[in-house]
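So you can see what is in the structure, the chains are spelled out below.
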2 protein chains.
Amino acid sequence: MTMETVSLNRSHGGTQGVHKHVSAETGTEMTFSVFVPDHAEGAKLPVLWYLSGLTCTHANVTEKGEFRAACAEHGLIFVAPDTSPRGEDVPDDEGYDFGKGAGFYVDATEAPWAKNFRMRSYIETELPALIAAQFPAEMARQGITGHSMGGHGALTIGLRNAGRFRSVSAFSPIVSPLACPWGDKALTGYIGADRAAWREYDACALIADGARVPDLLVDQGSADGFLEEQLKTQLLVEACENAGQPATIRMQEGYDHSYYFISTFMAGHVAWHAERLKA
Amino acid sequence: MTMETVSLNRSHGGTQGVHKHVSAETGTEMTFSVFVPDHAEGAKLPVLWYLSGLTCTHANVTEKGEFRAACAEHGLIFVAPDTSPRGEDVPDDEGYDFGKGAGFYVDATEAPWAKNFRMRSYIETELPALIAAQFPAEMARQGITGHSMGGHGALTIGLRNAGRFRSVSAFSPIVSPLACPWGDKALTGYIGADRAAWREYDACALIADGARVPDLLVDQGSADGFLEEQLKTQLLVEACENAGQPATIRMQEGYDHSYYFISTFMAGHVAWHAERLKA
């Protein structure tokens, strides 16, 4: 498993790296960022994954997420992957909400997407193996979070892999692709018209179908312009209540969908994960 | 004094705004950002100015500076101006280090720059009046900081206006335009060949010539690629020692010139200013 380091910057008592590798899953070069706090030689640190939202790369949270001080304080490695395969040979859509920058953390089955759009397997299997091989990561202690489409990714990957992730949280997640226009477009395109096949990519459906994690933390801005039509946080509240899934789902008054919101609550999420990862 | 608000985002228990106005000094539209922490109705808050470096606008520190949590904690307004006039009618240079994005916080006297490049008067006079009129700012309590070219701006404006600024700090400042290629190019272009006229735009010369502030705080990364040829921190150490100017000038091991460095030490600078502004 080879990896090329693009940049290393000292920051907040640790090292912020950007790296790239050729992914067998996506058939493309993939770029990701990893923050590693200073640590004793030979020590291994828990890992917090952050999955980004529509239109983002690794760079958005790396530059604007304000996670490093908290990760250094708590001794967590922070991994931020890209949101889709990239490159001239990768098919795309003219919308911002499908194709490049919009992988939705699924393994596509429909042409022409199936060849490259394998972000589920990339995040669930290929990239973790690379992280384990290349970084001082204690892979028995992993948590996952994300924003918007990446909040959907964090919830669904976390719920499907409860044995791997000790902690699952999200910022303004898409809670049910089955119930919103973004999800309808993306899953029809990537997975096809059989909506029963979408349930493993829908946090509310996964919970209704029996998936469980010890608890969930979700922050959502009340002034988020996508709340009513796309995010529909209340569906997750109801799914958790109906299924007895413990969850703390907070509506944050006046906050929107931007990194001004995410960065405000990032340190709190990092601390929440650290408490569970280091228990 | 009119101002147009471009955007407002709730963040870290306050409001991050971006605003623009037509500047009489520069003869152009100027954009700046202001973070205002939540506060009691009618309360006025101390102001911390942040001057940005070469190629930057207000946006770099606003997105990547990680100042909001600390400003909210300490109750400081944070103002980030642009680094030069902008627009099609404004003269420019093909280099990144002169012209647009590189105003050097001087009032130019040379053609064709003199008409628009009046960043000294803009920062010293015009923008403070607008801030006082439009925001809950306690103008008797102002501090100033900045990065690189903006560190030069903060030091020189702070030293020249010690009655106005209670606290002055800088991140990796250009400490002596008289003694580096960036300064040589910019001040020759803006001010002309008479180097005696540059002394009011040179922190080391100002200190040698008698300017004083109660103390100074400077952080500089040891792995900063500009340290040896352009920044020359040691000249400021010597100028302060020779003149008896109190200063804390810290070399931060392994840190570079980027916002990964600035954001690491930002909260410390904000706390340092708050201590002096609220005394």
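Residues numbered from 1 in each chain as written. Chains lettered and ligands numbered in written order. Predicted model: local features only at pLDDT ≥ 70, side-chain atom pairs only at ≥ 80, totals over all residues. Heavy atoms only, no water.

- Chain A is annotated in an unreviewed UniProt entry as S-formylglutathione hydrolase from Novosphingobium album.
- Comment text from UniProt for chain A, heading Catalytic activity (unreviewed entry), reads "S-formylglutathione + H2O = formate + glutathione + H(+)". (UniProt positions renumbered as here; feature names shortened; annotations may be inferred.)

Observations concerning the overall build of chain A
Inference 1: When you go through chain A residue by residue, the secondary structure sums to nine helices and nine strands.
Inference 2: Overall size of chain A, expressed as C-alpha extent along the three principal axes, is 50 × 40 × 35 Å.
Inference 3: Across the 279 residues of chain A, 60% fall into the buried class.
Inference 4: Across chain A, contacts joining residues at least 24 apart in sequence account for 71% of those joining residues at least 6 apart.
Inference 5: On chain A, roughly 10,000 Å² of surface is accessible, and the fraction owed to carbon and sulfur atoms is 49%.
Inference 6: Separation between the mean location of the 22 positive side-chain charges and that of the 35 negative ones in chain A comes to 5 Å. (Helix = DSSP H or I, 4+ residues; strand = E, 2+ residues; numbered from the N terminus. Buried < 20%, exposed > 50% of the residue type's maximum accessible area, 1.4 Å probe, protein only. Contact = heavy atoms within 4.5 Å. Areas by Shrake-Rupley, 256 points an atom, 1.4 Å probe, with all protein chains shown as cover. Lys, Arg positive; Asp, Glu negative; His and termini not counted. Charge placed at Lys NZ, Arg CZ, Asp CG, Glu CD.)

Quick look at the sheet that holds strand β5 (residues 77–81) of chain B
Inference 1: In space, the nine strands of this open sheet follow the order β1-β2-β3-β5-β4-β6-β7-β8-β9 (chain B), with mixed pairing throughout. Of all strands in the sheet, those bounded by a partner on one side alone are β1 (4–11) and β9 (248–252) of chain B. Each adjacent strand pair in this sheet contributes to an overall mean axis angle of 20°, direction not counted.
Inference 2: Here four bridges tie strand β3 (residues 29–37) of chain B to β5(B), and the two strands are oriented antiparallel to one another. In the sheet register, Phe32(B) faces β5(B), and the bridge partner there is Pro81(B).
Inference 3: Across the sheet, helix α9 (residues 259–277) of chain A is in contact with β1 and β2 (14–22) of chain B; its angle to β1(B) comes to roughly 30°.
Inference 4: In the packing of helix α8 (residues 233–243) of chain B onto the sheet, the strands contacted are β8 (216–221) and β9 of chain B, and the crossing angle to β9(B) comes to about 155°. (Pairing = 2+ DSSP bridges. Axes fitted to C-alpha atoms, helices over the stretch in contact; angles between N-to-C directions.)

Quick look at the relation of the copies chain A and chain B
The relation between the two copies of this chain is a rotation about an axis and a shift parallel to it.
Inference 1: The operation relating chain A to chain B is a screw motion whose rotation component is 180°, with 0.0 Å of axial translation and a residual RMSD of 0.0 Å. The transformation relating the two chain copies, once decomposed into turn and shift, fits a two-fold axis. Nearest to the rotation axis, the C-alpha of Lys64(A) is located 2.7 Å from it, this being the minimum over chain A.
Inference 2: A symmetric contact is evident, with 100% of the interface residues of chain A recurring at the interface of chain B. (Least-squares fit on C-alpha atoms with pLDDT ≥ 70 in both.)

Brief notes about the environment of Met30(A)
Residue and element names in this part refer to chain A.
Inference 1: Relative to the helices and strands, Met-30 resides in strand β3 (residues 29–37).
Inference 2: Met-30 sits eleven residues away from His-19 along the chain, and the two C-alpha atoms are 8.4 Å apart.
Inference 3: The residues contacting Met-30, other than those within four sequence positions of it, are His-19, Lys-20, His-21, Ser-23, Asp-82, Ser-84, Pro-85, Met-119 and Tyr-122.

A short note on the interface of chain A and chain B
Inference 1: With 20 residues of chain A at the interface, the matching set in chain B holds 20 residues.
Inference 2: Between chain A and chain B, the buried area comes to about 1,800 Å², and carbon and sulfur atoms account for 45% of it.
Inference 3: When the buried surface of chain A facing chain B is broken down by residue, Arg10(A), Glu66(A) and Tyr260(A) rank first, second and third, together holding 38% of it.
Inference 4: Connecting chain A to chain B are two salt bridges. (Buried area = accessible area lost by both parts, 1.4 Å probe. Salt bridge = Lys/Arg side-chain N within 4 Å of Asp/Glu carboxyl O.)

Focus on the packing of aromatic side chains
Inference 1: Scanning all chains against the criterion turns up 28 aromatic pairs over all chains.
Inference 2: Note on Phe261(A) and Phe265(A): the rings are 5.6 Å apart at their centroids and 55° apart in plane angle, and the pair reads as tilted. Note that Phe261(A) and Phe265(A) are positioned in helix α9 at a spacing of four residues, about one turn of the helix. Of the two residues examined, Phe261(A) and Phe265(A), each falls in the buried class.
Inference 3: On the numbers, 5.9 Å between centres and 90° between planes, the contact of Trp113(B) with Tyr190(B) is edge-to-face. Taken together, the residues Trp113(B) in the loop between β5 and α3 (119–134) and Tyr190(B) in helix α5 (residues 181–191) connect sequence positions 77 residues apart.
Inference 4: On the basis of relative accessibility, which here comes to 8%, the residue Trp113(B) falls in the buried class.
Inference 5: Using a relative accessible area of 0% as the deciding quantity, one classes Tyr190(B) as buried.
Inference 6: One aromatic cluster is present, formed by Phe35(A), Tyr50(A), Phe67(A) and Phe78(A) through successive ring pairs.
Inference 7: Positioned above the aromatic ring of Phe67(A) is the side chain of Arg68(A), whose terminal nitrogen or guanidinium carbon lies 4.9 Å from the ring centre. (Phe/Tyr/Trp six-rings, centres within 6.5 Å; stacked < 30°, edge-to-face > 60°. Lys NZ or Arg CZ within 6 Å of the ring centre and 35° of its normal.)

Considering the side chain of His74(B)
All names here are of chain B.
Inference 1: In this fold, His-74 is placed in helix α2 (residues 68–74).
Inference 2: With a relative accessible area of 19%, His-74 lands in the buried category.
Inference 3: Look past the residues within four positions of His-74 in its chain and what remains in contact with it is Val-270, Ala-271, Ala-274 and Lys-278.

Side note on helix α5 (residues 181–191) of chain A
Residues and elements named next belong to chain A.
Inference 1: Looking only at α5, the buried set comprises Trp-182, Gly-183, Ala-186, Leu-187, Gly-189, Tyr-190 and Ile-191. Looking down the long axis of α5, one finds its buried residues gathered within 165° of arc, a one-sided arrangement.
Inference 2: Looking one or two residues past α5, Gly-192 carries a phi angle of roughly 105°, positive in sign. (Arc of directions from axis to C-beta.)

Points about helix α9 (residues 259–277) of chain B
Owing to its 3.6 residues per turn, the α-helix brings residues three or four apart onto one side.
Residue and element names in this part refer to chain B.
Inference 1: Remark: the principal bend of α9, roughly 40°, maps to Met-266.
Inference 2: Buried residues dominate α9, accounting for 14 of its 19 residues.
Inference 3: Two or three places before Tyr-260, at the start of α9, stands the capping residue Ser-258, its side-chain oxygen 3.1 Å from that residue's backbone nitrogen. (Bend = angle between axes of the 7 residues up to and from the residue. Polar contact = N/O pair within 3.5 Å; in protein donor to acceptor, adjacent residues only side chain to side chain.)

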